[in-house]
Amino acid sequence: MAKERRKAVLELLQRPANARCADCGAPDPDWASYTLGVFICLSCSGIHRNIPQVSKVKSVRLDAWEDAQVEFMTSRGNHVARATFESKVPPFYYRPSASDCQLLREQWIRAKYERQEFTHPERQEPYSAGYREGFLWKRGRDNGQFLSRKFVLTEREGALKYFNRSDAKEPKAIMKIEHLNATFQPAKIGHPHGLQVTYLKDNSTRNIFVYHEDGKEMVDWFNALRAARFHYLQVAFPGASDADLVPKLSRNYLQEGYMEKTGPKTEGFRKRWFTMDDRRLMYFKDPLDAFARGEVFIGSRESGYTVLDGLPPSTQGHHWPHGITIVTPERRFLLACETESEQRAWMEVFRKVVDRPMLPQEYAVEAHFKHKP
């Protein structure tokens, strides 16, 4: 009898909606919340265990199932649960995938099932109101210390501002929503709630690194920034659909890591931290620097950009053996990776960027790079 019940639950995984984790989309989930009626992956099941008042989990393959539990799973499943718990997710709200950090996945699960934010839209106020202020720990540009700073996000002004003192009249920085990006970087920042915010100033990238001790608070800030970007883009592109705008709200970096580089003159190779952000390849002395030491625009193949495996035979001065040459219409950039697997990962990213046709607005960015002193 126990075998038959387990077999019945296993058969439910054949339904298309149940073939992926209800929360992060990972394939082949083999855990289930028998109080919510959803099939989930091992990683998300750990988060469900932390909210036992809402969700109780079992292994689909290993645990014993009762008749009532099998019946409930049969009547629910991921499709029905999604229609219930995700019925009013705002288009700008970030839906995490299996590769996202623990914080994003945990707050998504808690927002859905524990706080029921997507069945009661009035609970979305913290990130949908168009205005938000509060204190975040911000890393000092020069000393690297995290200090409490007041942040204000105002959609009406199209800006995120921060103040060095809570009673200061003038903000220390004004970051235009138009040029703002935010991405969670827990490992880099050294805090599980660490968020990297980038913006353009004089067409160069600036970084700030922040966190809040409360995970919900940090994810609310992240989604408030996405909401502000969404409403800005709706005005800027009045004919665009939600599906067109959502990918533009925030973006993760295509690749990050250390490589060696040499300058345009024949100076030696130096180790630098590289970040590939869309078509901007930036390099920093330290991963947590506020400003890039330099930026390289990588256009498309049609515009004269190519990426070559290895370095020119005459190249000297690099300690790391696995070279990459980026050819732009103006010059060649010589890079070296420590391992072959790192080189392959970077090559794959560079080739994807080069193979992608340029958008009209990217030609303007390219022109700016060409005219940089």
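What counts as what
Residues numbered from 1 in each chain as written. Predicted model: local features only at pLDDT ≥ 70, side-chain atom pairs only at ≥ 80, totals over all residues. Heavy atoms only, no water. 1 Å grid on protein atoms, 1.4 Å probe; cavity = no way out; pocket = protein on both sides within 12 Å on 5 of 7 lines; lining within 4 Å. Points joined across faces, edges and corners; volume = space filled by probe spheres on them. Helix = DSSP H or I, 4+ residues; strand = E, 2+ residues; numbered from the N terminus. Nonpolar A, V, L, I, M, F, W, Y, C, P; charged D, E, K, R; others polar. Axes fitted to C-alpha atoms, helices over the stretch in contact; angles between N-to-C directions. Parallel < 35°, antiparallel > 145°, perpendicular 65-115°, else oblique. Left-handed = near helix turned anticlockwise from the far one by under 90°. Contact = heavy atoms within 4.5 Å. Buried < 20%, exposed > 50% of the residue type's maximum accessible area, 1.4 Å probe, protein only. Polar contact = N/O pair within 3.5 Å; in protein donor to acceptor, adjacent residues only side chain to side chain. Phe/Tyr/Trp six-rings, centres within 6.5 Å; stacked < 30°, edge-to-face > 60°. UniProt positions renumbered as here; feature names shortened; annotations may be inferred.

### So, the layout of surface pockets
Over the atoms, a rolled probe matching the size of one water molecule traces out where space is still vacant.
(1) Moving on: Considering only enclosed or pocket space, the largest pocket measures out at about 1000 Å³ in volume.
(2) Moving on: Looking at the largest pocket, it is lined by 29 residues, and the ones nearest its centre are R229, R251, D278, Q361 and E362.
(3) Moving on: Elements with a minimum of two residues in the lining of the largest pocket: β9 (195–201), α8 (215–236) and α11 (360–370).
(4) Moving on: When its residues are assigned to classes, the lining of the largest pocket shows 13 nonpolar, six polar and 10 charged.

### Some remarks on the packing of helix α2 (residues 42–49) against helix α5 (residues 102–114)
(1) Moving on: Two elements in contact, α2 and α5, have axes separated by 10 Å at closest approach and are oriented at 55°. One finds that α2 runs oblique with respect to α5. The two elements α2 and α5 cross, and the hand of that crossing is right-handed. Of α5, the residues touching α2 (which contributes S43, C44, I47 and H48) are Q102, R105, E106, I109 and Y113.
(2) Moving on: Each residue belonging to the contact of α2 with α5 can be placed in one class, and the counts come to four nonpolar, three polar and two charged.

### What to know about the environment of Q69
(1) Moving on: By the element assignment, Q69 lies in helix α3 (residues 67–75).
(2) Moving on: Using a relative accessible area of 11% as the deciding quantity, one classes Q69 as buried.
(3) Moving on: With 52 residues separating them along the chain, Q69 and P121 place their C-alpha atoms 30 Å apart.
(4) Moving on: Excluding anything up to four places from it in sequence, Q69 contacts Y34, K58 and A64.
(5) Moving on: A polar atom in the side chain of Q69 sits 2.8 Å from the side chain of K58.

### Some words on the side chain of Q196
(1) Moving on: Structurally, the position occupied by Q196 is in strand β9.
(2) Moving on: Residue classification places Q196 among the buried residues on the basis of a relative accessible area of 2%.
(3) Moving on: A polar contact of 2.9 Å, which involves the side chain of Q196, links it to the side chain of K188.
(4) Moving on: Residues contacting Q196, with those up to four places away along its chain left out, are N181, A182, T183, Q185, K188, I189, N207, I208, F209 and Y253.

### As for the packing of aromatic side chains
(1) Moving on: Scanning the entire structure with this criterion turns up 18 aromatic pairs.
(2) Moving on: Relative to F118, the ring of W108 has its centre 5.4 Å away and its plane inclined at 40°; by these criteria the two rings are tilted. Remark: F118 occurs in the loop between α5 and α6 (125–128) and W108 occurs in helix α5; sequence separation between them is 10 residues. F118 shares its class with W108; the two are buried.
(3) Moving on: Measuring from ring centre to ring centre gives 6.4 Å for W137 and Y211, while their planes differ by 20°; the resulting arrangement is stacked.

### Remarks on the UniProt feature "domain: PH" (unreviewed entry) in the protein
(1) Moving on: The residues that UniProt annotates with the feature "domain: PH" (unreviewed entry) are residues 129–230 and 252–355.
(2) Moving on: Between the end C-alpha atoms of residues 129–230 the distance is 13 Å, and the span holds 20% helix and 45% strand.

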